[in-house]
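# Tertiary structure, described
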Amino acid sequence: MASELRLKDLVVSHVTEMPFNPVTGAPINDPKRPMPNLDIHRRNVQRIELGLEALIQTGTDDEWNRVMPSISVSVSALGSWGSVEDLDLCIGFLNYLSGLFHRRFLLLRRREDLEESLSMYEASSKSHRPGDAWRSGDLDLWAQLARGTNHPSAPRAYENSMLSMRHIVECGPNLQAQHAYFKHGGAWGTRTSLDYASYQIEKEQLQAAVEILEHGRSLLWSMMRGLRAPVGQLRAVNPDLADKYLSITHDLESITTESSALHRAPSSAAGSFGDTVRSFEEDTFGRVFEEQRRLLRERKAVISQIQSLPGFGHFLAAAPFHSLQNAASSGPIVIINHSKWRSDILIIVYGAPLVHIPLGDDFYVKAIALSRLLSKARNSEGGLDSDELDVLGVPKQSRLWLYPTSVLCSLPLHAMGPSHRALIESRTPAAGRSRQRSPDPSLLVVAQPDDPSLEGVSKEIATIESVPGISVSKLVSRGATRESVIEGLKGHSMVHFACHGLLQEEKPFDASFKLHGSERLTLLDIIRSRAPNAELAFLSACHTAELADKEDPDEMLHLAAAMQYCGFRSVVGTMWELADTDGKDMAKLFYGRLLSPRWDASVPIAERSAKALQHAVQNLRKKRRMTTERWVNFVHYGA
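Residues numbered from 1 in each chain as written. Predicted model: local features only at pLDDT ≥ 70, side-chain atom pairs only at ≥ 80, totals over all residues. Heavy atoms only, no water.

### Quick notes on the nonpolar core
In globular proteins that are soluble, nonpolar side chains generally tend to be buried together. Counting 101 residues, the largest nonpolar core has Phe497, Phe513, Phe568, Phe590 and Tyr591 as its most contacted members. No other element matches the seven residues that helix 23 (residues 559-566) contributes to this core. If you look at the next biggest cluster of nonpolar residues, it comprises 34 residues, including Ala197, Ile212, Leu354 and Tyr403. (Core = buried A, V, L, I, M, F, W, Y, C linked by side-chain atoms within 4.5 Å. Buried < 20%, exposed > 50% of the residue type's maximum accessible area, 1.4 Å probe, protein only. Helix = DSSP H or I, 4+ residues; strand = E, 2+ residues; numbered from the N terminus.)

### A short note on the pattern of salt bridges
Under the definition given, this model contains 24 salt bridges. Between Arg235 and Asp243 there is a salt bridge; the shortest N-O distance is 2.7 Å. Classification of Arg235 as partly exposed rests on a relative accessible area of 33%. Three or more residues are tied together by salt bridges with common partners; here these are Arg482, Glu483, Asp525 and Arg528. (Salt bridge = Lys/Arg side-chain N within 4 Å of Asp/Glu carboxyl O.)

### Structural notes on the packing of helix 11 (residues 219-226) against helix 23
Two quantities define a packed helix pair, namely the angle between the helix axes and the distance between the axes. The contact between helix 11 and helix 23 brings their axes to 11 Å, and the two run at 15°. Taken together, helix 11 and helix 23 sit at an angle that is classed as roughly parallel. Remark: the crossing between helix 11 and helix 23 carries right-handed chirality. Together, Trp221, Met224 and Arg225 of helix 11 and Ala561, Ala562 and Tyr565 of helix 23 make up the contact between the two elements. (Axes fitted to C-alpha atoms, helices over the stretch in contact; angles between N-to-C directions. Parallel < 35°, antiparallel > 145°, perpendicular 65-115°, else oblique. Left-handed = near helix turned anticlockwise from the far one by under 90°. Contact = heavy atoms within 4.5 Å.)

### Some points on the state of the cysteines
By definition, a disulfide links two cysteine residues through a covalent bond between their sulfur atoms. Taken as a whole, this structure holds zero disulfides when the rule is applied. For the unlinked cysteine Cys499, the closest cysteine sulfur is that of Cys542, found at 9.6 Å. Overall, the relative accessible area of 3% leaves Cys499 in the buried class. (Disulfide = S-S within 2.5 Å.)

### Comments concerning the pairing of strand 6 (residues 443-447)
Burial runs high along strand 6: five of the five residues are buried. A two-sided burial pattern is seen for strand 6, the buried positions comprising Leu443, Val445 and Ala447 on one face and Leu444 and Val446 on the other. Alignment of strand 6 against strand 7 (residues 472-476), held across five bridges, turns out to be parallel. Note that in strand 7 the partner of Leu444 across the bridge is Ser473. (Pairing = 2+ DSSP bridges.)

### Examining the packing of aromatic side chains
With the rule as written, the count across this model stands at nine aromatic pairs. Ring geometry for Tyr158 against Tyr199: centres 5.9 Å apart, planes inclined by 55°, an arrangement best described as tilted. Here Tyr158 is found in helix 7 (residues 154-170), whereas its partner Tyr199 is found in helix 9 (residues 188-202), with 41 residues between them in sequence. Neither Tyr158 nor Tyr199 differs from the other in exposure class; each is buried. For the ring pair Phe497 and Phe513, a centre distance of 4.1 Å and an interplane angle of 10° mean the geometry is stacked. Here Phe497, found in strand 8 (residues 494-498), pairs with Phe513, found in strand 10 (residues 512-514); they are 16 residues apart in sequence, far enough to count as distant. You'll find Phe497 and Phe513 in the same group, each marked buried. Members of the aromatic cluster, connected to one another through ring pairs, are Phe538, Phe590, Tyr591 and Phe634. (Phe/Tyr/Trp six-rings, centres within 6.5 Å; stacked < 30°, edge-to-face > 60°.)

### Section: the side chain of Glu253
Tracing the backbone through its elements, the reader meets Glu253 in helix 13 (residues 239-256). A distance of 3.0 Å separates a polar atom in the side chain of Glu253 from a polar atom in the side chain of Arg530. (Polar contact = N/O pair within 3.5 Å; in protein donor to acceptor, adjacent residues only side chain to side chain.)

### Observations regarding the environment of Met586
Residue placement: Met586 occurs in helix 24 (residues 580-594). You can call Met586 buried: its relative accessible area is 0%. The spatial distance from the C-alpha of Met586 to the C-alpha of Trp631 is 9.7 Å, given a sequence separation of 45 residues. Beyond its immediate chain neighbours, meaning those up to four positions away, Met586 contacts Phe538, Tyr591, Leu613, Ala616, Val617, Leu620 and Phe634.

### Thoughts on the side chain of Ser570
Structurally, Ser570 can be placed in strand 13 (residues 570-574). Within the structure, Ser570 has its side chain in polar contact with the backbone oxygen of Ala606 (distance 2.9 Å). Within polar-contact distance, the side chain of Ser570 engages the side chain of Ser609 at 3.4 Å. In contact with Ser570, other than residues within four places in its own chain, are Glu535, Leu536, Ala537, Ala606, Ser609, His636, Tyr637, Gly638 and Ala639.

### Some words on the sheet that holds strand 11 (residues 520-522)
Ordered by their spatial adjacency, three strands build an open sheet running 9-10-11, and the pairing between neighbours is antiparallel. Two strands lie at the open edges of the sheet, namely strand 9 (500-502) and strand 11, each paired on one side alone. Strand-to-strand, the axes of this sheet are offset by a mean angle of 25°, without reference to chain direction. Of the pairings in the sheet, the one linking strand 9 to strand 10 comprises three bridges and is antiparallel in character. Within strand 10, the residue paired with Leu502 across the bridge is Ser512.

### Examining helix 25 (residues 605-621)
Given a rise of 1.5 Å per residue, 17 residues ought to cover 24 Å, and the 24 Å separating the end C-alpha atoms of helix 25 matches this to within 8%. Of all the bends in helix 25, the greatest, near 25°, is centred on Lys611. Those residues of helix 25 not exposed but buried are Ile605, Ala606, Arg608, Ser609, Ala610, Ala612, Leu613, Gln614, Ala616, Val617 and Leu620. (Expected span 1.5 Å × (residues − 1). Bend = angle between axes of the 7 residues up to and from the residue.)

### Points about the pairing of strand 2 (residues 344-348)
The buried count for strand 2 comes to five of five residues, which makes it a mostly enclosed element. Burial along strand 2 is two-sided: Asp344, Leu346 and Ile348 facing one way and Ile345 and Ile347 facing the other are all buried. Across five bridges, the pairing between strand 1 (residues 333-337) and strand 2 is antiparallel. Across the sheet, residue Ile336 finds its bridge partner in strand 2, namely Ile345. In this antiparallel pair of consecutive strands, strand 1 and strand 2, the connection spans six residues. Examined bridge by bridge, strand 2 and strand 3 (residues 355-358) share four bridges and lie antiparallel to one another. Each bridged residue has a counterpart across the sheet, and for Ile347 the counterpart in strand 3 is Val355. The antiparallel pairing of strand 2 with strand 3 creates a hairpin that spans six residues between the two strands, and Gly351 there sits at a positive phi of about 75°.

So, in structure tokens, the structure goes:
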């Protein structure tokens, strides 16, 4: 089928070789060349597209080849002279052909039709102009078709899809725009790494599956953490290069966390980058976009220099499995992968082979159904039985880190089955997060006792102040302003919030703590902050570990994750509304165990917190008329 191959190559050459305006994404034309009548060529593409539908019933190549020269001429004209929409039309036509070949394969079962369909999907994905990641849903079609037919191009499709998703995120100059682009890339983006991991599990490549999940989930947090990579070892070897890297990443983080512009979502999921840009102030966007592109280029060059130094070859590179396994030195990490192809549990145990537990065929559907029913019934049967971990040599009362994916992120897995008594469970959004020690503890209490809807806060504060062995500072009522709280986080190793937590559906960056009057401490405020002495944050407020954006659970955009990002090694959050009376009881039980003299003084506060929370929750359960949704509400993240 030489004609189709020529057409494919023609479209790809126009996509990859034509110069484009870096802001609008439109082709830059050569004024010396005569301009053809583009309307004729647009109609020709649309006419032939309609005519090809009838050819799907035939198995002859003659009819296909007869129309290809005409369409090739039109594609050449539109690709060379047309607008960004015209080029979209050409690539869309190539994707349409891919679909026709797929349908003809299903009808006639000719392997060559399948090969041609997959080849065209791959070709249409090779665009590198700004914003072409909007078409990356085609990569998903390629991956789904290749995997469904056991085609060897499936891993290549998944790899390209994951790279494309990163490209989508990088197209946005700030976090809100990046998140908007991510969402409008389609649901395929959130499941690509999960499906790819399930593919590797199917091929018995378990370590590769873990690496894929670590690299492909929580993209926004992953990219942000890259801007705060520690450079202590680098400074000892090359201080000038360390300073240069820090200067670039500081400027880049300032742009990325800017909230005053460029955070409106694109108007259409199928629109091009040019369509998106035109909905903004073009001069502002162009200026910010170009500055961000410049900084990204400089950062890439500096990272390349750093990686060329002896011992720094893996600086900011995707973590290999052995480093992820080292993160399990304090207790096993249990990854629960949720994919429509198959669902599995992978258990990382330090110094031991990866453990694989396949889940039932109906697990995928049941997990989705359970997440939808959670607001009505917040308990479930099942879970990971502690006896299964006994076989792996994991002792009772060992730490256990849960690594849920997809809809499982919204389920109280930490409370399911008998393991809430046998193991001390925490959640981790990233398996390879480092664990470091911090200075002696000092506690900052941020509270609103004057709020008439928070009657129990005054008693909660008094309870905390009565706990021996801790220095307590307070920012309460009028003293709790946005500026004072941000400044207070810098000077304390512990913080306790006792106020309202606010969640705005579909607006994760507007999640906030309600401070005095109309003031708010937003998720974005916390991300911008740095808490160098941070150990532990107890968020005694509603919704602090709840997702505002249910469509992208793997991005983990909530207040608890933001507290971790700004420096707190351990965070206690809530998965939904918090009963006002539970704040005081949890404070007494939690801090009483956390600061107990029975602890070895060498154990950092952050590493005591999971066991302290387990103790508090177990005793809260014993209260008369205690309901399930109240005690399972509390969840631990981190060390």
